[in-house]
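# Breakdown of the fold
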Amino acid sequence: MDSVEKFALSIMLVFGALIIGGLMAIGIMWSDKPGFLFALAAAIVVWISAFAVLFGKPKIYGVLLVLAGFLVAASITAVVT
């Protein structure tokens, strides 16, 4: 992995953590249990995807990222509605 890829990965991780952490905080603050649980599930899926990167499984990593995206969208939908 070259320096550009490391920088891109670090940006994705930091902003991903901020988004998911923010969604979890909103879920707690507004007592929105489904929104919090969807954000928590997204955080767990992203954490598991780190193992896919570690073991060099790009297809599994891609599937987990798509799943995390759907969970974040579900969390946002639950908070907004």
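First, a word on scope: everything that follows refers to the structure included in this document. (Residues numbered from 1 in each chain as written. Predicted model: local features only at pLDDT ≥ 70, side-chain atom pairs only at ≥ 80, totals over all residues. Heavy atoms only, no water.)

So, on to the side chain of Asp32. When you line up the elements, Asp32 lands in the loop between α1 (3-29) and α2 (33-54). Contact partners of Asp32, with chain neighbours within four places excluded, come to Gly27, Ala78 and Val79. (Helix = DSSP H or I, 4+ residues; strand = E, 2+ residues; numbered from the N terminus. Contact = heavy atoms within 4.5 Å.)

Burial of nonpolar side chains together is a common tendency in soluble globular proteins. Listed in full, the 10 residues of the largest apolar core are Ile20, Leu23, Met24, Ala39, Ala42, Val45, Leu64, Ala68, Leu71 and Val72. When contributions to this core are tallied by element, the ones reaching two or more residues are α1, α2 and α3 (58-80). The element best represented in this core is α3, accounting for 4 residues. Not counting chain neighbours up to four residues away, the residues in contact with Met24 comprise Phe36, Ala39, Leu40 and Ala43. (Core = buried A, V, L, I, M, F, W, Y, C linked by side-chain atoms within 4.5 Å. Buried < 20%, exposed > 50% of the residue type's maximum accessible area, 1.4 Å probe, protein only.)

That is the geometry; function is a separate question.
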